[in-house]
Amino acid sequence: MDRETLDLHRATLRALTRLMSQWSSLDFQRRITAQSGLTLDPVAVRALYGLGISGGSARPSDLADELHLTRPSTSKLIARLTAADLIERRPDPADGRSAHIALTAAGRRADEQLFEAGLSLLADATDDWDGADVRVLAELLTRFTADLATGSTTTTP
């Protein structure tokens, strides 16, 4: 890899790390929650986002991995979200011995509210951007995340 490409990759990695840190920060999650009109803790917000992205349901262990939580912490989160009528347990269609957690109708509405609040924050951040730049950002981020999901897990020095 030539020096210019390496420098570009370094700048990109720094920007991505800063983006992930900012977007997942407690302060930012509180802003999204406040803008959505919901009363949820940041971990619950991330859980609803994760379930929404995964089609509305997931195995509890997958949710724990996604949120970087221990199994006991995930059980407590599931109990809170179930008590708030945002998720429910359903039998796993592939394995009757295990369960999935799924968004309820109220959970889907909450996910949509959070998503709309996130869209609003994104629109505010790119308000003075040219439409073509917003389009390029969307296309490149979509392509990048798809390539990360399907790409090689090997690294080179």
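Counting restarts for each chain: residues are numbered from 1 in the order of the written sequence. Only residues with pLDDT of at least 70 are given local features in this predicted model, and only at 80 or more are side-chain atom pairs given and counted; all residues enter the totals for whole chains, interfaces and linings. Hydrogens and water molecules were not included; the side-chain quantities draw on all heavy atoms of the structure.

Let's talk about the overall build of the chain
Condition: Secondary structure elements are taken from DSSP: a helix is a run of H or I of four residues or more, a strand is a run of E of two residues or more, and numbering for both begins at the N terminus. The cut-offs for exposure are 20% and 50% of the maximum accessible area for each residue type, with area from a 1.4 Å probe on protein chains only; residues under the lower value are buried, those over the upper are exposed, and the others partly exposed.
Of the regular secondary structure elements, the chain holds seven helices and three strands. Along the chain, helices and strands appear, N-terminal first, in the series α-α-α-β-α-α-β-β-α-α. With respect to the principal axes defined by its C-alpha atoms, the chain has extents near 50 × 40 × 25 Å. Counting over 157 residues, the chain shows a buried share of 26%.

Here we look at the packing of aromatic side chains
The test is simple: Working definition: a ring pair exists when centres of Phe, Tyr or Trp rings (six-membered ring for Trp) sit within 6.5 Å. Plane angles under 30 degrees give stacked, over 60 give edge-to-face, the rest tilted.
Taken as a whole, this structure holds one aromatic pair when the rule is applied. Ring centres of Trp-23 and Phe-28 lie 4.5 Å apart, and the angle between their planes is 45°; on these two criteria the pair is classed as tilted.

Some details on the sheet that holds strand β2 (residues 87–92)
This is how it is decided: A pair of strands is considered paired only if DSSP assigns at least 2 bridges between the two.
If you trace the three strands from one edge of the open sheet to the other, you get β1-β3-β2, paired in antiparallel fashion. Strand pairing shows two members of the sheet lacking a second neighbour, β1 (57–58) and β2, which therefore form its edges. Here β1 runs beside strand β3 (residues 95–103); their pairing, made up of two bridges, is antiparallel. Its bridge partner lying in β3, Ser-57 is registered against Ala-102.

What to know about the packing of helix α1 (residues 3–24) against helix α2 (residues 26–36)
As a reminder of what qualifies: To obtain an axis, a line is fitted to C-alpha atoms, over the contacting stretch when the element is a helix, and the angle between two such axes runs from 0 to 180 degrees between their N-to-C directions. The cut-offs work like this: below 35 degrees is roughly parallel, past 145 is roughly antiparallel, 65 to 115 is roughly perpendicular, and the gaps in between are oblique. Contact definition: two residues touch when any of their heavy atoms are within 4.5 Å.
Contact geometry for α1 and α2: axes closest at 5 Å, N-to-C directions at 55°. One way to sum up the angle between α1 and α2 is to call them oblique. In contact with Gln-22, Trp-23 and Ser-24 of α1, α2 contributes Leu-26, Phe-28, Gln-29 and Ile-32.

A few points about the nonpolar core
Spelled out, the test is: The nonpolar core is taken to be a set of buried Ala, Val, Leu, Ile, Met, Phe, Trp, Tyr and Cys residues, with the residues joined through side-chain atoms within 4.5 Å.
Leu-40 and Leu-114 are the most contacted members of the largest nonpolar core, which totals 25 residues. Of all the secondary structure elements, the ones that give two or more residues to this core are α2, α3 (42–53), α4 (60–67), α5 (71–83), β3 and α6 (105–125). The element best represented in this core is α3, accounting for six residues. With residues near it in sequence (within four places) discarded, Leu-40 still touches Thr-33, Val-45, Leu-48, Leu-86 and Leu-114.

Structural notes on the pattern of salt bridges
Condition: Salt bridges are defined by distance alone: a side-chain nitrogen of Lys or Arg within 4 Å of a carboxyl oxygen of Asp or Glu.
Scanning the model with the defined rule gives six salt bridges in all. Asp-62 is paired through a salt bridge with Arg-59; the nearest N and O atoms lie 3.0 Å apart. A residue is classified by how much of its surface remains accessible, and Arg-59, at 37% relative accessible area, is partly exposed. By sharing partners, the salt bridges in this structure join Arg-3, Asp-7 and Arg-10 into a single network.

A closer look at α3
To keep things clear, this is the line we draw: Multiplying 1.5 Å by the helix residue count minus one yields the expected span of that helix. Here a polar contact is recorded for every N or O atom pair within 3.5 Å, except that within protein the pair must consist of a potential hydrogen donor and a potential acceptor, and residues adjacent in sequence are included only if both atoms are side-chain atoms.
Helix length check: α3, at twelve residues, gives a terminal C-alpha distance of 16 Å against a target of 16 Å (1.5 Å per residue), a fit within 8%. Residues of α3 that are buried: Pro-42, Ala-44, Val-45, Ala-47, Leu-48, Tyr-49, Gly-50 and Leu-51. Of the residues flanking the start of α3, the one acting as N-cap is Asp-41, its side-chain oxygen 3.1 Å from the backbone nitrogen of Val-43. Immediately beyond the C-terminal end of α3, within one or two residues, lies Gly-55, with a positive phi of roughly 95°.

Observations concerning the pairing of β2
By the bridge criterion, six bridges tie β2 to β3 in an arrangement that is antiparallel. Along β3, the bridge assignment pairs Glu-88 with Ala-102.

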